[in-house]
Amino acid sequence: MDILIIMGIGIFIGLKFFPDKYKKKNEKMQMVCTILIIFSMGVMLGRRENFLQEITSLGLTSFLYFFIPTLFSILIAYLLTRLFMKNKSKEKEG
């Protein structure tokens with residue numbers, strides 16, 4: 001819940017107070033922060049003693065937990081893009 005509140009505050013500040021001239025700098029900062037988060041997660045996982053054994057023991061179940069949401073996310077994004085982008089291109093033509 002805390003994450004949603006913080007995200008909501010960020011959206012509000014972005015909409016009301018954040019100037020457009022800092023958009024490029026904000027995008028670069030987001031990329032750097034994302035890289036730092038992924039790196040720190042990798043360090044935390046790498047410090048676990050039995051990490052490689054844990055990964056291999058998860059097997060098919062962990063693969064399905066990754067694969068099914070990824071597949072549906074791609075499918076939904078594709079369908080929504082086809083639906084909404086198709087309508088916008090027709091509006092521009094007509």
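Residues numbered from 1 in each chain as written. Predicted model: local features only at pLDDT ≥ 70, side-chain atom pairs only at ≥ 80, totals over all residues. Heavy atoms only, no water.

Tallying secondary structure elements over the chain gives three helices and zero strands in all. Counted from the first residue to the last, the chain has its helices and strands arranged as α-α-α. Relative to the compact-globule value of 12 Å for 94 residues, the chain shows a C-alpha radius of gyration of 20 Å, a clear excess of over 25%. Reported as C-alpha extents along the three principal axes, the dimensions of the chain are approximately 60 × 35 × 25 Å. The 94 residues of the chain split such that 0% are buried. When the 13 positive and 7 negative side-chain charges of the chain are each reduced to one mean point, those points stand 8 Å apart. (Helix = DSSP H or I, 4+ residues; strand = E, 2+ residues; numbered from the N terminus. Rg over C-alpha atoms; globule rule 2.2 N^0.38 Å. Buried < 20%, exposed > 50% of the residue type's maximum accessible area, 1.4 Å probe, protein only. Lys, Arg positive; Asp, Glu negative; His and termini not counted. Charge placed at Lys NZ, Arg CZ, Asp CG, Glu CD.)

Taken as a whole and judged by the stated rule, the model has two salt bridges. In this structure, Lys23 engages Glu27 in a salt bridge whose closest nitrogen and oxygen atoms are separated by 3.7 Å. With a gap of four residues between them, Lys23 and Glu27 both fall in helix H2 (residues 23-46), about one helical turn apart. The closest approach of N and O atoms between Glu54 and Arg48, which form a salt bridge, is 2.9 Å. Here Glu54 falls in the partly exposed class, since its relative accessible area comes to 32%. (Salt bridge = Lys/Arg side-chain N within 4 Å of Asp/Glu carboxyl O.)

With that settled, consider the packing of aromatic side chains. Counting across every chain of the model gives five aromatic pairs. With centroids separated by 5.4 Å and ring planes inclined at 10°, the aromatic side chains of Phe63 and Phe67 adopt a geometry described as stacked. Of the two residues, Phe63 and Phe67 both sit in helix H3 (residues 51-93), four residues apart, roughly one turn of that helix. Chaining the aromatic ring pairs together yields one cluster made of Phe63, Phe66 and Phe67. (Phe/Tyr/Trp six-rings, centres within 6.5 Å; stacked < 30°, edge-to-face > 60°.)

It is worth spelling out the environment of Tyr22 at this point. Within the secondary structure, Tyr22 sits in the loop between helix H1 (2-16) and H2. When the C-alpha positions of Tyr22 and Met41 are compared, they lie 28 Å apart, and in sequence the two are 19 residues distant.

The subject of this paragraph is a positive patch on the surface. A cluster of basic residues, Lys21, Lys24, Lys25 and Lys28, forms a positive patch at the surface. With respect to the helices and strands, Lys24 occurs in helix H2. (Patch = residues over 30% accessible without salt bridge, like charges linked within 9 Å, V, L, I, M, F, W, Y side chains within 5 Å. Areas by Shrake-Rupley, 256 points an atom, 1.4 Å probe, with all protein chains shown as cover.)

Per-residue confidence for the chain gives a mean pLDDT of 87; residues scoring 70 or more make up 91%. By mean pLDDT, H3 is the weakest element of the chain at 83, and H2 is the strongest at 92. (pLDDT = per-residue confidence, 0-100.)

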